[in-house]
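One-letter residues, chain by chain:
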Amino acid sequence: MTTSLQFQFRNLFKGYSIDQDLIQSFWSEIELHYEASNRYYHNLTHLENIIDELAPLQKEIDNWELLLFSVFYHDIIYQASAQDNEEQSALLAKKRLSQIDLPEADLLVIYNQIISTKQHQKSIYTDTNYLLDADLSILGKDWEQYIVYSQNIRKEYAIYPDHLYHAGRKKALIHFLTFSEIFKTVHFKAKYENQARLNITKEISLLSSSFTY
């Protein structure tokens, strides 16, 4: 997995920089953050899964390369106790990517795409909606995959006791159910919307019954 992701990462950057040491330093930083010991879900596997979801849709995506930059950096900063992970990830992405041959307008696109993953509200930009949908695709997987995802999220929030975690998790899940559409694009809505609502509703029920992962 790491080898494949690293290849995609380096291939992405080679169009914007010839400094191989710089590109390697960027990849090492990605690897360091996403493979940290407190990462059980928001890790390199998560990045790989997002790219796998998006790859068949490249013809529908306006700027594939900018979207890939956003994928790689969208969760680079992730602390369960923090409220500004997306903002910090976006800032770090902008700081790093300003060192390669990317126009300011493209840096802003990437920054805004990463920020959009905080609230997952529908965007006027199709590429952003594809990122949001791929990021949430786990919600619509079969229950066996979904429960593993839920367990891994719980591990990332291990600093919180069950009663606090359950309340916070339920609030987040109910937030998704308030959306008229969890998935913003036709492709992902058709693929995952119904199962996602079933999964979320089932997890809320389990949390309400004091189920422990």
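Presented here is a report on the structure given in the accompanying data block.

The rules behind the values
- Residues numbered from 1 in each chain as written.
- Predicted model: local features only at pLDDT ≥ 70, side-chain atom pairs only at ≥ 80, totals over all residues.
- Heavy atoms only, no water.
- Core = buried A, V, L, I, M, F, W, Y, C linked by side-chain atoms within 4.5 Å.
- Buried < 20%, exposed > 50% of the residue type's maximum accessible area, 1.4 Å probe, protein only.
- Helix = DSSP H or I, 4+ residues; strand = E, 2+ residues; numbered from the N terminus.
- Contact = heavy atoms within 4.5 Å.
- Axes fitted to C-alpha atoms, helices over the stretch in contact; angles between N-to-C directions.
- Parallel < 35°, antiparallel > 145°, perpendicular 65-115°, else oblique.
- Left-handed = near helix turned anticlockwise from the far one by under 90°.
- Nonpolar A, V, L, I, M, F, W, Y, C, P; charged D, E, K, R; others polar.
- Polar contact = N/O pair within 3.5 Å; in protein donor to acceptor, adjacent residues only side chain to side chain.
- 1 Å grid on protein atoms, 1.4 Å probe; cavity = no way out; pocket = protein on both sides within 12 Å on 5 of 7 lines; lining within 4 Å.
- Points joined across faces, edges and corners; volume = space filled by probe spheres on them.
- Phe/Tyr/Trp six-rings, centres within 6.5 Å; stacked < 30°, edge-to-face > 60°.
- Lys NZ or Arg CZ within 6 Å of the ring centre and 35° of its normal.

1. Brief notes about the nonpolar core
Piece 1. Judged by nonpolar contacts, the single largest core of 60 residues is most densely connected at F13, L54, F69, F72 and Y73.
Piece 2. Looking at this core, the element that brings in the most residues is helix α4 (residues 64-73), giving 8 residues.
Piece 3. Each residue touching F69, except ones within four places of it in the same chain, is listed here: L12, F13, Y16, L97, I100, L102 and I110.

2. Comments concerning the packing of helix α3 (residues 44-54) against α4
Piece 1. Their axes nearest at 10 Å, the elements α3 and α4 cross at an angle of 155°. Judged by the inter-axis angle, α3 sits roughly antiparallel to α4. For the pair α3 and α4, the crossing hand works out as right-handed. Residues L47, I50, I51 and L54 of α3 pack against W64, L67, L68, V71 and F72 of α4.
Piece 2. Split by residue class, the contact of α3 with α4 holds 9 nonpolar, no polar and no charged.

3. A short note on the side chain of R169
Piece 1. Along the polypeptide, R169 turns up in helix α9 (residues 162-177).
Piece 2. When its relative accessible area of 10% is taken as the criterion, R169 is described as buried.
Piece 3. Here Y149 takes part through its side chain, which lies 3.2 Å from a polar atom of the side chain of R169.
Piece 4. Side-chain polar atoms of R169 contact the side chain of E203, separated by 2.9 Å.
Piece 5. The contact partners of R169, leaving out residues within four places of it in the chain, are Y146, Y149, S150, I153, E203 and L207.

4. Considering the layout of surface pockets
Piece 1. A volume near 1100 Å³ is recorded for the largest pocket.
Piece 2. If you go around the largest pocket, you meet 34 residues; those closest to its centre are Y78, E86, K118, Y157 and A172.
Piece 3. Elements supplying a minimum of two residues to the lining of the largest pocket: α5 (85-97), α8 (143-156) and α9.
Piece 4. The dominant element in the lining of the largest pocket, judged by the number of residues it contributes, is α9, at 8 residues.
Piece 5. Considering only residue class, the lining of the largest pocket consists of 15 nonpolar, 12 polar and 7 charged.

5. With respect to the packing of aromatic side chains
Piece 1. Applying the stated criterion across every chain yields a total of 15 aromatic pairs.
Piece 2. Ring centres 5.8 Å apart and planes at 50° place the aromatic pair Y157 and Y165 in the tilted group.
Piece 3. Y157 sits in the partly exposed class, given a relative accessible area of 23%.
Piece 4. On the basis of relative accessibility, which here comes to 5%, the residue Y165 falls in the buried class.
Piece 5. Among the aromatic residues, those joined into a cluster by ring pairs are F9, F13, Y16, F26, W27, F69 and F72.
Piece 6. Cation over ring: R39 sits above Y34, and NZ or CZ is 5.0 Å from the ring centre.

Geometric values such as these leave the question of function open.
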